[in-house]
Amino acid sequence: MPGDDLTPSEAAILFVLMAEAREVPNTELRKRYGVDVRKSYRDKLNRLGFVDSRREGNTFLHQLADKGWVRVQEDLNFQSSQGRILGGALTALQVNLRDRVMGRSDYRTFGEMFALTDVRAGTAQPGQQRTLDLRIRQAYAALAAEPGAWVSLTRLRPFFGDVDTADLDEALRELEREPDVDIVPESNQKVLTPADVAAALRLGGQDKHLLAIGVG
């Protein structure tokens, strides 16, 4: 387990935001689930890069960040002396979603499983092969908070497990020539994880990490 010292409550917040897979007002989280992402939780999860938060009116809106999607795929500590059974239930749910449910489907990540749009990278039948550029656009739409928002290639690539890496890279290079598409390097190289480095696209003599579609 990564040494980020997440408490059971903080791990549960990540799990709720994973299930929602969208930007959610804190007031809605309290009303629907009894989950309050108070300042101490918000500050820590923002600092770790697991959650993106922004203020709107009298509340904050939260969504799972790219690093958060990677983190929920790893073991989380839900165990609490005040809720041992509940913690055990959440642990069982996470482990079996990851190790059994995904193993019996063509989902490869929780990001695919909980995307608001079904963009699984399944095996296409003859005569039904979607072009890669269309698939990339659909995957982006499922991951992006809004048109033009930045999505890391780390999150995008798992949607294309059936596609050769060289073919996907070429499709991304072709797509980048479209006027509504940008692919850029991460400006803060210090925040890049090994997964981000591995997912980078070599383009124009640079390693690029972020995709935006629907730019002005």
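Now for a quick tour of the structure. (Residues numbered from 1 in each chain as written. Predicted model: local features only at pLDDT ≥ 70, side-chain atom pairs only at ≥ 80, totals over all residues. Heavy atoms only, no water.)

Comments concerning the sheet that holds strand E5 (residues 181–184)
This is how the line gets drawn: Should DSSP find at least two bridges between two strands, the strands are taken to pair. Numbered from the N terminus, helices here are DSSP runs of H or I no shorter than four residues, and strands are runs of E no shorter than two.
The three strands lie next to each other as E4-E8-E5, forming an open sheet whose pairing is antiparallel. Where the open sheet ends on each side, the last strands, each with one partner, are strand E4 (151–152) and E5. The pairing of E5 with strand E8 (residues 210–213) spans four bridges and is antiparallel. The partner of Asp182 across the bridge, within E8, is Ala212.

Some points on the nonpolar core
Using the following cut-off: Among buried residues, the Ala, Val, Leu, Ile, Met, Phe, Trp, Tyr and Cys ones that are joined through side-chain atoms within 4.5 Å form a nonpolar core. Only protein chains enter the calculation, and the probe is 1.4 Å; a residue is then buried if its accessible area is under 20% of its type maximum, exposed if over 50%, and partly exposed in between.
Core analysis: the largest hydrophobic core is formed by 26 residues, its most contacted members being Leu14, Leu64, Val72, Leu76 and Phe110. If one sorts the elements of this core by residue count, helix H1 (residues 8–20) sits on top with seven residues. In terms of nonpolar packing, the next biggest core, distinct from the first, is built from 24 residues, Tyr140, Leu168, Ile183 and Leu203 among them.

Some words on helix H9 (residues 165–175)
The condition is simple: In this description, one arc is meant: the one made by directions from the helix axis to the C-beta atoms. Two residues form a contact once any of their heavy atoms are found within 4.5 Å. Counted as a polar contact is a pair of N or O atoms within 3.5 Å, where, for protein atoms, one must be capable of donating a hydrogen and the other of accepting one, and residues adjacent in sequence contribute only when both atoms are in side chains.
Here H9 has its buried residues at Leu168, Asp169, Ala171, Leu172 and Leu175. Looking straight down H9, one finds that the buried residues subtend no more than 160 degrees of arc, so they occupy a single side. Contacts made by the buried residues of H9 are with helix H7 (132–143), helix H8 (153–156), E5, strand E6 (201–203) and E8. Residue Asp164 occupies the N-cap position of H9, its side-chain oxygen lying 3.0 Å from the main-chain nitrogen of Ala166.

Overview of the environment of Thr154
Residue position: Thr154 is located in helix H8. Thr154 gets classed as buried once you look at its relative accessible area, which sits at 15%. Expressed as a C-alpha distance, the spacing of Thr154 and Asp66, which sit 88 residues apart in the sequence, is 7.9 Å. When neighbours within four sequence positions are excluded, Thr154 is seen to be in contact with Ala195, Asp196 and Ala199. In this structure the side chain of Thr154 is engaged in a polar contact, spanning 2.5 Å, whose partner is the side chain of Asp196.

Quick look at H7
Applied cut-off: Expected helix span is computed as 1.5 Å times (number of residues minus one).
When the terminal C-alpha atoms of H7 are compared, their 16 Å separation across 12 residues agrees well with the 16 Å that a helix rising 1.5 Å per residue should span. Within H7, the full set of buried residues consists of Arg135, Ile136, Ala139, Tyr140, Ala142 and Leu143. The buried residues of H7 occupy an angular sector of 160 degrees when the element is viewed end-on, so they sit on one face. Here the buried face of H7 lies against E4, H8, H9 and E8.

Digging into the pairing of strand E2 (residues 51–56)
Each regular strand carries side chains that alternate between the two faces of the sheet. Relative to strand E3 (residues 59–64), E2 is paired through six bridges, and the arrangement is antiparallel. Looking at E3, one finds that Asp52 is bridged to Gln63. With antiparallel pairing between neighbouring strands as the criterion, E2 and E3 make up a hairpin whose turn holds two residues, including Gly57 at a positive phi of roughly 65 degrees.

Notes on the packing of aromatic side chains
Cut-off, in case you're wondering: Within 6.5 Å between ring centres, the rings of Phe, Tyr and Trp (the latter by its six-membered ring) count as paired, and their orientation is classed by plane angle as stacked under 30 degrees, edge-to-face over 60, tilted in between. Here, a charge over a ring means that NZ of Lys or CZ of Arg falls within 6 Å of the ring centre while also lying within 35 degrees of the ring normal.
All chains considered together, the criterion is met by one aromatic pair. The side chain of Arg42 reaches across the aromatic face of Phe60, ending 3.7 Å from its centre.

Interpretation in functional terms is not warranted from these geometric data alone.
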